[in-house]
Amino acid sequence: GALVEAGIKLTPYDIVDPAPHSALTPNTQVLVRPARSVIVEADQRTLAHFTHRQTPREILGELGVEFSNYDNVLVEGRRVSLDQRIFLPSQTATSASHTQPAASKPAWQQPSPPVRLVLRRAFTLYVDDGGVSNTIYTTADTVGEALREHDFIIYRGDQVRPELGSPVSPGLKV
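In this text, all values refer to a predicted model and were calculated from it rather than measured experimentally. (Residues numbered from 1 in each chain as written. Predicted model: local features only at pLDDT ≥ 70, side-chain atom pairs only at ≥ 80, totals over all residues. Heavy atoms only, no water.)

**Section: helix α2 (residues 56-63)**
Short version of the rule: Relative accessible area decides the class of each residue, using a 1.4 Å probe on protein chains only: under 20% of the type maximum gives buried, over 50% gives exposed, and in between gives partly exposed. Helix and strand definitions here come from DSSP, where helices need a minimum of 4 consecutive H or I residues and strands a minimum of 2 consecutive E residues; each element is numbered from the N-terminal end. The arc in question is the one traced by the directions running from the helix axis out to the C-beta atoms. We call two residues contacting when some pair of their heavy atoms lies within 4.5 Å.
P56, I59 and L60 are the residues of α2 that are buried. The buried side chains of α2 occupy one side of the element, clustering within an arc of 95° when seen end-on. Contacts from the buried residues of α2 go to β3 (36-42), β4 (45-51), β5 (72-75), β6 (78-80) and β7 (115-120).

Rendered as structure tokens:
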């Protein structure tokens, strides 16, 4: 069809309007919404996925990956909120008609690497702060980071067990 004649390559995940096999009249505009490639790492699984979704919450939901508001999401190694857009709004390509092919490849059709999205699960920690019980949720790597993240003040004479540099694990009692 007209898109092939114009040198526009589609993936099965792209959205095209009108449909790729529709009859076109002169000056028909064809809109293409390319799917974005993402690699999602969650629960010791790596999932390659194409999507039109914009936020981690939407992408994880589309994949059926459950998450909590205590979990962290990293996009390309940088922490983002579950509702932060990680893609710019989809660009569209327009071809005036099948008799007037596009002069050059549109920017959205240039190959781009997949975006890496990592879901870090929060652990529950039980903290006894001088006889006051606290339950906290953290994605920190160490006990010290978890306590600092939750604004616990530790004085020089305080004893912390396990030690501040100890790794965090689910259900850990501090």
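Moving on from the coordinates now.
**Describing the pattern of salt bridges**
To keep it simple, the criterion reads: The working definition used for a salt bridge is a side-chain nitrogen of Lys or Arg within 4 Å of a carboxyl oxygen of Asp or Glu.
For the structure on display, the rule yields six salt bridges. For R121, the salt bridge is made with D43, and the minimal N-O distance between the two is 2.8 Å. Here R121, found in the loop between β7 and β8 (123-129), pairs with D43, found in the loop between β3 and β4; they are 78 residues apart in sequence, far enough to count as distant. A relative accessible area of 27% means that R121 is categorised as partly exposed. The partly exposed category is assigned to D43, whose relative accessible area is 37%. For the salt bridge of D141 with R120, the shortest nitrogen-to-oxygen distance reads 2.8 Å. Separated by 21 residues along the polypeptide, D141 in the loop between β9 (132-138) and α3 (143-149) and R120 in strand β7 bring together distant segments of the chain. Shared partners join several salt bridges into a network, and the residues in it are D43, D71 and R121.

**Examining the environment of L24**
Here L24 shows up in the loop between β1 (15-17) and β2 (31-33). Owing to a relative accessible area of 22%, L24 belongs among the partly exposed residues under this scheme. Taking the C-alpha atoms as reference, L24 lies 8.0 Å from A2; in sequence the two are 22 residues apart.

**A look at the sheet that holds β8**
Worth spelling out the cut-off: Each pair of strands is called paired provided DSSP finds at least two bridges between the two strands.
The strand order β9-β8-β10 describes an open sheet built from three strands, whose pairing is mixed. The sheet terminates laterally at β9 and β10 (172-173), the two strands that pair on one side only. As paired elements, β8 and β10 share two bridges and run parallel to each other. Bridge pairing in β10 places L125 opposite L172.

**Points about the confidence of the model for the protein**
Defined as follows: Values of pLDDT, the confidence the predictor places in each residue, fall between 0 and 100.
Per-residue pLDDT for the protein has a mean of 86; in total, 86% of the residues score no lower than 70. Note that residues 90-100 has pLDDT below 50 and, in this model, 38 contacts with residues that lie over four places away or in other chains.

**Side note on the pairing of β9**
The pairing of β8 with β9 spans seven bridges and is classified as antiparallel. Considered in β9, the bridge of V127 is made with N134. From the end of β8 to the start of β9, which pair antiparallel, there are two residues, and G130 there has a positive phi angle of about 65°.

**Some remarks on the nonpolar core**
Condition: Put simply, buried Ala, Val, Leu, Ile, Met, Phe, Trp, Tyr and Cys residues joined by side-chain atoms within 4.5 Å make one nonpolar core.
Membership of the largest hydrophobic core comes to 15 residues, with the highest contact counts inside it found for I59, L60, V73, V75, I86 and L117. Where this core is concerned, the elements lending two or more residues are β3, α2, β5 and β7. For V75, the residues in contact, after removing those within four places along its chain, are V80, I86, V115, R116 and L117. Counting 12 residues, the second largest nonpolar core, distinct from the first, contains V127, V143, V168 and V174.

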